[in-house]
Amino acid sequence: THFGFKTVPEEVKESLVRNVFSSVASNYDVMNDAMSLGIHRLWKDHFMRTMAPTPGAKLLDVAGGTGDIAHRFLNYQDNINHDSTSSVHMVDINPDMLREGERRFADSKWKQEGRVDFTVGNAEHLDFIEDNSFDAYSIAFGIRNCTHPDRVVREAFRVLKPGGRFMCLEFSRVSNPLLAAAYDLHSFYVIPKLGELIANDRNSYEYLVESIRKFPAQDDFAQIIREAGFTTIGSGYENLTFGTVAIHSGFKF
Ligand code: SAM
């Protein structure tokens, strides 16, 4: 292939992913805006409105990275629910990404109120999280980097309380052929070029593009969610921006 990372055996994927995110951590937020023209912010806003957390909810934000989802959750609770009892626990496999997240909360009132927590850990083995302990689980732009997405979803099922909701925001498949062609152009030329220019790291961004290609399409991923025990409503997902990304969700009943 013409990608930097080509196809790698399963056992090296995890360490590779770790390196990619260590190398992108400091440029991560800038790159997100550049690659998506800022649209990732709208996707994340919509994701939080879809979650519509209830007052007092405990959220587990896995692959939380620099904390975009955690921030939106706490803002939503403060501003929409006028609630100051809810909390979010961020988990990420990469200490450098998590540190960027912690930095963003360092001077916040949320930190003072003890409403944010951080743990370095793997989405596939959340041993440090008890069964039935969270109201909501989120994973945004993280699951495609995991070696076994099915294990990730099963762990989500385990840690959620009955009635709890699993929510995933991830790149997906554009079905319209014309738009898909434009999207391919963006993926194969624009993104690696931006990675080279802004982050001086073409390889990592080639990996990111490749990981998007390999992730299951909307219906296949919805099936994985149901197989883990979740109940989905309708198809189990909503496409955003023509399927460039999708929100999948399921309830633990
Ligand atoms: N959720 C954040 C957001 O939406 O901006 C960060 C997304 S970032 C593209 C992906 C994150 O997934 C990285 O911080 C990476 O370290 C983390 N990650 C990759 N594999 C993981 C795993 N197996 N377990 C937990 N986190 C993982």
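Here the structure is shown first, and the text comes after it.
For clarity, every value in this text was computed on a predicted model and none was experimentally measured.

We now examine a nonpolar patch on the surface. Together, Val30, Leu197 and Ile198 make up an exposed nonpolar region whose accessible area comes to about 280 Å². Mapping Val30 onto the fold places it in helix α2 (residues 28-36). Taking relative accessible area as the criterion, Val30 reaches 49% and is therefore assigned partly exposed.

In this section: unusual backbone geometry. Its identity as a non-glycine residue notwithstanding, Leu37 has a phi of 55 degrees, on the positive side. Examined against the element boundaries, Leu37 turns out to sit in the loop between α2 and α3 (39-51). You will see that Thr241, though not glycine, has its phi angle at about 45 degrees, which is positive. Judged by relative accessible area, Thr241 falls into the partly exposed class, the value being 35%.

With respect to burial, strand β2 (residues 87-92) is a largely interior element, 6 of its 6 residues being buried. With burial as the criterion, each face of β2 is covered, one bearing Ser87, His89 and Val91 and the other bearing Val88, Met90 and Asp92. Bridge count between strand β1 (residues 58-62) and β2: 5 bridges; the pairing is parallel. Looking at β2, one finds that Lys58 is bridged to Ser87. Handedness of the crossover joining β1 and β2 through helix α4 (residues 68-79): right-handed.

Spatially, the 7 strands line up as an open sheet ordered β3-β2-β1-β4-β5-β7-β6, and their pairing is mixed. One side of each edge strand has no neighbouring strand; the edge strands of this open sheet are β3 (116-120) and β6 (237-240). Averaged over neighbouring strand pairs, the angle between their axes works out to 15 degrees when direction is ignored. Direction of pairing for β6 relative to strand β7 (residues 245-251): antiparallel, over a ladder of 4 bridges.

What follows is about helix α9 (residues 202-214). The end-to-end C-alpha distance of α9, which contains 13 residues, comes to 19 Å, matching closely the 18 Å that a straight helix rising 1.5 Å per residue would cover. For α9, the set of buried residues is Ser204, Tyr205, Glu206, Tyr207, Leu208, Val209, Glu210, Ser211 and Ile212.

About the thresholds
- Numbering of residues starts from 1 in each chain and follows the order in which that chain's sequence is written.
- Thresholds applied to this predicted model are a pLDDT of at least 70 for local features of residues and 80 or more for the giving and counting of side-chain atom pairs; totals over whole chains, interfaces and linings are not thresholded and use all residues.
- The basis for every side-chain value is the complete set of non-hydrogen atoms in the structure, without hydrogens or water.
- Candidate patch residues must exceed 30% relative accessible area and have no salt bridge, after which like charges are joined if within 9 Å and Val, Leu, Ile, Met, Phe, Trp or Tyr side chains if within 5 Å.
- The protein chains shown are the only cover counted for residues, whose accessible areas, like all others here, come from Shrake-Rupley with a 1.4 Å probe.
- The working definition used for a salt bridge is a side-chain nitrogen of Lys or Arg within 4 Å of a carboxyl oxygen of Asp or Glu.
- The helix count covers DSSP runs of H or I at least four residues long, the strand count covers runs of E at least two residues long, and both are numbered beginning at the N terminus.
- Buried residues are those whose accessible area, probed at 1.4 Å on protein chains only, stays under 20% of the maximum for their type, while exposed residues exceed 50% and partly exposed ones sit between those limits.
- Pairs of strands are assigned from DSSP output, requiring at least two bridges between the strands.
- Seen with its strands pointing away from the viewer, a crossover is right-handed if its path from the first strand over the helix to the second goes clockwise.
- Fitted lines through C-alpha atoms serve as axes, helices being fitted only where they are in contact, and the angles separating the N-to-C directions of these axes extend from 0 to 180 degrees.
- In this scheme, a helix's expected span is set at 1.5 Å multiplied by one less than its residue total.

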